[in-house]
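Coordinate analysis (summary)
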Amino acid sequence: MQQLQQEQQVTQQQETVEGSQEDDTIQVSYQTLDTLQEHGIAVNDIQKLNDAGYHTVESIAHATARKLADVKGISEAKVMKLKDIVKQMVPMDFMTAADALQDRESLVQLSTGSVELDKLLEGGIETGSITEVFGEFRTGKTQLCHTLCVTCQMGIPDGGAEGKAIYIDTEGSFRPARLKAIAERFGMDPAVALENVAYARAHNSEHQMELLKMAAAIMSQDRYALMVVDSATALYRTDYIGRAELSERQMQMAQFLRQLTRLAEEFGVAIFITNQVTANPNGMSFAKDSTNPIGGNIIAHASTTRLRLRKGRGENRICTVFDSPTLPEADAQFALGPAGICDAAE
């Protein structure tokens, strides 16, 4: 079965990014929509799909026929033709557990900048899935976002993925100067490191969703390893107020998280989102942590790995694996420094 899938993927457009060593390469097997011209799809129709936010063959394969029919100028007959074509180009049938294991072994982890934190995460932040980090203010969420934007650019042996980063800022906490300091710490050219980070400020939840379409277009043109959303929930808390709008808020948030999952699967990037917390009125005041992440089950189910951060002594912070399909529940200490996340001081 695996051999058959490999034969089906021979014709796929692949971008190969050379690693820092000759044997280290990352192959990106997504296919741009331009390849559909070879199968009789008109250039005008491809442009309409691009304008609607579909930039890869995989995005067409993963979308429902109803969603594709909503694209202006794409009829139901064209939708069915598209579906028949991409079905032959994108493997979406069953595979053996052995094949699934082999796919997972090819995943890359991004270093957090702290040795102990990387050990806790068994190598770092996983690509191809969503990692959520939550905690009170000044627990290191944004610092971790900045550090990952730099480490993702490093070579694979150094804990990177040799790719660029996208940063969506919803709280106005993005600081390019911090990226410069982190790059200098890791011996990288600060100018190059800053050029490799695409930044956008989201001003409302609708704009935040629109930025994902722009991000998909950007990622289809170059090699990206990381997308940061800091924070994923802040604008939804302010745009939808009260119990009367709670259902609508959760529905819109679910759509946003579904798009993040789609991007992680299509482009193989690590999706790293931060989340705010709220006080638990039923929690004891003397409990170790009486706060809960907001978003409820919607964000809990969408996130593959959930990490809780809390304050320690001085600049030290404690990370706890809150939920993960592979990582055991455990703690690790790290510290906040002038050059990002680092090892905890004694």
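Residues numbered from 1 in each chain as written. Predicted model: local features only at pLDDT ≥ 70, side-chain atom pairs only at ≥ 80, totals over all residues. Heavy atoms only, no water.

What follows covers the overall build of the protein. Regarding its fold elements, the protein presents 14 helices and 15 strands. When the 346 residues of the protein are sorted by exposure, 48% land in the buried category. Here the analysis covers contacts within the protein between residues at least 6 apart in sequence; of these, 64% occur between residues at least 24 apart. With the model as given, the accessible surface of the protein reaches about 17,200 Å², and the carbon-plus-sulfur share is 50%. (Helix = DSSP H or I, 4+ residues; strand = E, 2+ residues; numbered from the N terminus. Buried < 20%, exposed > 50% of the residue type's maximum accessible area, 1.4 Å probe, protein only. Contact = heavy atoms within 4.5 Å. Areas by Shrake-Rupley, 256 points an atom, 1.4 Å probe, with all protein chains shown as cover.)

Turning our eyes to something else, we now look at the confidence of the model for the protein. Residues shown with low pLDDT carry predicted positions that ought not to be read at fine detail. Taken over all residues, the pLDDT of the protein has a mean of 88, while the share at 70 or more is 89%. The least confident element of the protein is strand E1 (residues 15–18), whose mean pLDDT is 39; the most confident is strand E6 (residues 164–169), at 98. (pLDDT = per-residue confidence, 0-100.)

Soluble, globular proteins show a tendency: their nonpolar side chains are buried together. Counting residues in each nonpolar core, the largest one holds 36 residues, and the members touching the most others are Leu 110, Ile 125, Cys 149, Leu 226 and Phe 272. It is helix H8 (residues 141–151) that contributes the most residues to this core, five residues altogether. The contact partners of Phe 272, leaving out residues within four places of it in the chain, are Ile 125, Thr 131, Val 133, Leu 144, Cys 145, Leu 148, Leu 226, Met 227, Val 228 and Val 229. Residues Ile 166, Tyr 236, Phe 256 and Leu 257 belong to the second largest nonpolar core, which totals 28 residues. (Core = buried A, V, L, I, M, F, W, Y, C linked by side-chain atoms within 4.5 Å.)

Here the focus is the layout of surface pockets. The calculated volume of the second largest pocket comes to roughly 870 Å³. Lining the second largest pocket we find 29 residues, and of these Tyr 54, Lys 67, Met 209, Gln 255 and Gln 259 sit closest to its centre. Contributions of two or more residues to the lining of the second largest pocket are made by helix H2 (43–51), helix H4 (65–69), helix H11 (205–219) and helix H13 (246–267). Taken together, the residues of the lining of the second largest pocket break down into eleven nonpolar, seven polar and eleven charged. (1 Å grid on protein atoms, 1.4 Å probe; cavity = no way out; pocket = protein on both sides within 12 Å on 5 of 7 lines; lining within 4 Å. Points joined across faces, edges and corners; volume = space filled by probe spheres on them. Nonpolar A, V, L, I, M, F, W, Y, C, P; charged D, E, K, R; others polar.)

This next bit is on the sheet that holds E6. One open sheet holds the nine strands; their spatial order is E7-E6-E8-E9-E5-E12-E13-E14-E15, and the pairing between them is mixed. The open sheet has two free edges, formed respectively by strand E7 (197–201) and strand E15 (340–343), since each of these has just one partner strand. If you compare each strand with its neighbour and ignore which way they point, the axes differ by 25° on average. Pairing of strand E14 (residues 331–337) with E15 involves four bridges; the strand directions are antiparallel. Considered in E15, the bridge of Leu 336 is made with Ile 341. Relative to the sheet, H11 contacts E6, E7 and strand E8 (224–230), its axis offset from that of E8 by approximately 170°. The sheet strands contacting H13 are strand E5 (130–135), E8 and strand E9 (270–275), and the helix crosses E8 at an angle near 165°. (Pairing = 2+ DSSP bridges. Axes fitted to C-alpha atoms, helices over the stretch in contact; angles between N-to-C directions.)

Another aspect to go through is the packing of aromatic side chains. Taken as a whole, this structure holds six aromatic pairs when the rule is applied. Centroid distance Tyr 30 to Phe 267: 5.0 Å. Interplanar angle 70°. Geometry classified as edge-to-face. Highlighted residues: Tyr 30 in the loop between strand E2 (25–28) and H2 and Phe 267 in helix H13, separated in sequence by 237 residues. Side by side, Tyr 30 and Phe 267 carry an identical accessibility label, which is buried. Among the aromatic side chains, those forming a connected cluster through ring pairs are Tyr 167, Phe 174 and Tyr 199. Lying over the aromatic face of Phe 137, Lys 311 brings its terminal NZ or CZ to 4.0 Å of the ring centre. (Phe/Tyr/Trp six-rings, centres within 6.5 Å; stacked < 30°, edge-to-face > 60°. Lys NZ or Arg CZ within 6 Å of the ring centre and 35° of its normal.)

Moving on, we get to the pattern of salt bridges. Throughout the structure, instances matching the rule amount to nine salt bridges. Between Lys 48 and Asp 45 there is a salt bridge whose closest N-O contact spans 3.8 Å. On the criterion of helical spacing, the pair formed by Lys 48 and Asp 45 is a turn pair, its members being three residues apart in helix H2. Taking relative accessible area as the criterion, Lys 48 reaches 31% and is therefore assigned partly exposed. Residue Asp 45 is classed as buried on the basis of its relative accessible area of 12%. With a closest N to O distance of 3.8 Å, Asp 331 and Arg 310 form a salt bridge. In this pair, Asp 331 sits in strand E14 while Arg 310 sits in strand E12 (residues 305–311), placing the two residues 21 residues apart along the sequence. Looking at Asp 331, the relative accessible area reads 44%, which means it is partly exposed. (Salt bridge = Lys/Arg side-chain N within 4 Å of Asp/Glu carboxyl O.)

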